[in-house]
Structures are given as C-alpha cells and as structure tokens.
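Residue strings, one per chain:
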Amino acid sequence: MMAVLTLKTVRPALVRLHRYTGLLLSGVLFIAGLTGSISVFRTEIDAALNPDLFHAPAPAHPLPVSALLARLKLQRPETQVTALLYRPPAGRAIVVYSSETVAGRTDPVENEIFLDPGTGRIQGMRPAEGCCFNRRVLMSFIYRVHYSLDLGQAGMWVMGISAMLWSIDCVVGLILTFPLHQPAWRQAFWRQWRKTWAIGLRRSSIRITFDLHRAVSLWLWVVLLGIAISGVALALEDEVFNPVIRTILPTAPSMADTRRPVHPVTIDQAEGLAAGFVQAHGSGERPAAVLLDPDGGTAMFYLFSNQGTEPSGLGSPMVTVDLKTGQVTAGDMPGRGAVGNLVMQMQLPWHSGRIAGSVGRILICLSGLAVCMLVATGIMIWQRKRQTRQAR
C-alpha cells in the first residue's frame, strides 16, 4: 500500500519530468536516432557509394606492414600515418589515415588514403573530415553528426549530457507505465501492466499514438537504455563514464609482458609480438589494423580478425607494443578483467549492435528509427494535451 501511495504522490512530478525532458531532447534524439540507424551500416553504404575507393582485387600474398608503409612513403613523402587497416576483407582496399596539414590551406586535407592491397598503389584519397552531401564524404559526415552534431568537442559534450538525461528519462518513462493502484507483488499488477505492452488498432488516432509511444518504448526498453548509457560512455568516456565505473565497480589494470629483452623492433616484428601475446591468452586471430604513435615510439594493434572484419561479441583485443624496447606495454582482452572492465568493454559493441553480430546491428538500426518515432509521437501527445488544456 505504501508503494502505491508513493507512486500516486510522485507521478505528477514524474509526468512533468518525462514531458519536458523529452521536449528538451527531442531535436538531439531525432538527429541521433536517424543518423545512428544509418551509421550502423555506414561502411557498407560508403563502399556502395564509392566502389572505386573501397573495392580492390584480393592479393595472393598480402604485403607486410613495413612494405605498405614504404610504398606509401614513395608515393606521398609528406604522409604521416596514424592508422593503417592493412588486412582488409577480401575484395576491399587498405585504408590509411594520416595527420599531415598544409600551411595556409583552409579546405580539408585528403588524409584518408586507399591502397591496393597487392601493390600498395594509391587508388584514391579523400578528406576524412569532409562535408557534406557529396557521395565521397556523405557517410563520414553523417557519422560525425551522429556522435558530435559535427560541432567538435563541444558537440561531444552536448551528446554526452543528452545521453545522461535520456538514461534518466528511460527509467522515468518505465515507472510511468506501471499500474497506479496495484503493488508489484500482486498478480493484478502484472495483468494490468501487460495491457500497456499492446497497441489497440481500433482506438482513436490519439490513443493509437499513445499506445505506439508506450508499447514500442517498453518492447525496446532494455535496448534503448543500453544505447543511452553507451552514448554517455562513447561521448564522455574519459571525462565521465570511465571515472564513475572505476569508482563504483572493481577494475583491473591492462595486462602487459615486459619479460622480453629490451631492444628495438620493426613494425613487422611488433605485429608478431602482438599476435603472440593474444595467442598466449587464448586467441588465434591475427591483428588487421594498427595505430601508430606520431613520434614512432609505439604501435597499438587492434581488429584481431583473420578475415579483417569487426568481430562480434565484446570486440577485439588491443595490444600496444613499444617499438624501442620490444615489450608489450598494454594488452586488453575482451571478456577478461574485473566487472568494471567488462562494463567498459561492452559499451561500443552494444551501441553499434556488434555485440550480437548481424542480428544486433539490424536491431540497433531499427531502434534508431524507433527513437525518431518516439520523438514524433511524444510531441504529438504533448501538443494534443496542450490544446486540451487551452480549450479548458
């Protein structure tokens, strides 16, 4: 009885909180939902729009990383490579990201380079931060709008704070679906609550709109709450999410391997060390991509996949090798570590849907469209109630 009285007491405040939080976030959520549903398949769409960049014959013998870097240097001496996806899926080109800038140039530099995996020949380039609606840069622009509204770091904060408010609003919205006059331990509560999961198609248009808003949000509630929380993690990872997780949950430091003799290693030797480290911890996949430190001191290998594709589940290992000492200074294995580590590992796979493979990606895509629908129906419900209040 006390729980029922408490819900009846706080319900008006929760209704107002849900209403005005939804209105405040409506624009951001609609943009994020629409661009997010597209971004789930951005690589496939990008390849279809730009086949001359992405498609390349599969080589009989892939070139080693050092050979690729050397051949790129011959063609573009000014290139400072920061990332190299050097073992792509069959039929795809190698993708290189560089950090060079040109003095006095205001337009974006063509710093995303596509190489033939068999020869290392440059087959196309484009600016990684290009704008806006031509086919070359469309998908990268849509993706930037999704995670930052294309406003840089300020946009990241906007999206992160919006995701925090949305996480709270997801919980508030769930509470508002509970039957008002029944405690949860009675069977009548569950009988009444079950009705809120249905959509009555023979009702009036405003009732159908309300049913859509409530029922769809209930069916997708776990997914949407996960998207909201992971949105905080991806937008404000170091600023908010990870510090909070490390405070409230146990975490373990990254693994390392400093037993090897200290001597410089080549990038190819570093790749072998990274593969050996992962194999020693139970995985037989080889890395397909690497991040290079600007000063040439370290190389972080990721995308451990023999097919060059993003793995499902909790993602890929990440192994950092010190090129000056030949030691593995940091190694993160998905599914390993304390509870806090697992929570941090699952945020990107959940947000992208890759945690459940192709089915998960389709679900996240549909969930993004559902968010747009929830925004639209929420505004329609608010407008109808506003008109009713004004008429009274």
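In the block above lies the structure referred to throughout.
Residues numbered from 1 in each chain as written. Predicted model: local features only at pLDDT ≥ 70, side-chain atom pairs only at ≥ 80, totals over all residues. Heavy atoms only, no water.

Trainee: Is there a simple way to think about the sheet that holds strand β2 (residues 94–98) in this case?
Mentor: An order of β4-β3-β2-β1-β6-β7-β8-β9-β5 is seen for the nine strands of this open sheet, with the pairing classed as antiparallel. A single partner strand is all that each edge strand has here, and the edge strands are β4 (122–126) and β5 (255–257). Between one strand axis and the next, the sheet turns through 20° on average, direction left out of account. Examined bridge by bridge, β5 and strand β9 (residues 327–332) share two bridges and lie antiparallel to one another. Among the inter-strand pairings, M255 is bridged to a residue of β9, identified as G331. Across the sheet, helix α11 (residues 267–280) lies against β5, β6 (287–292), β7 (298–304), β8 (318–322) and β9, angled at about 50° from β7, the strand it touches most. (Pairing = 2+ DSSP bridges. Helix = DSSP H or I, 4+ residues; strand = E, 2+ residues; numbered from the N terminus. Axes fitted to C-alpha atoms, helices over the stretch in contact; angles between N-to-C directions. Contact = heavy atoms within 4.5 Å.)

Trainee: Explanation requested: the state of the cysteines in the structure shown.
Mentor: By definition, a disulfide links two cysteine residues through a covalent bond between their sulfur atoms. Here the structure, examined in full by the defined rule, presents one disulfide. Two residues share a disulfide in this structure: C131 and C132, whose sulfurs sit 1.4 Å from each other. For C131, a relative accessible area of 44% gives the class partly exposed. The thiol sulfur of C365 is not disulfide-bonded, and the nearest other cysteine sulfur, from C372, lies at 10 Å. (Disulfide = S-S within 2.5 Å. Buried < 20%, exposed > 50% of the residue type's maximum accessible area, 1.4 Å probe, protein only.)

Spatial relationships are all this shows, so hold off on functional conclusions.
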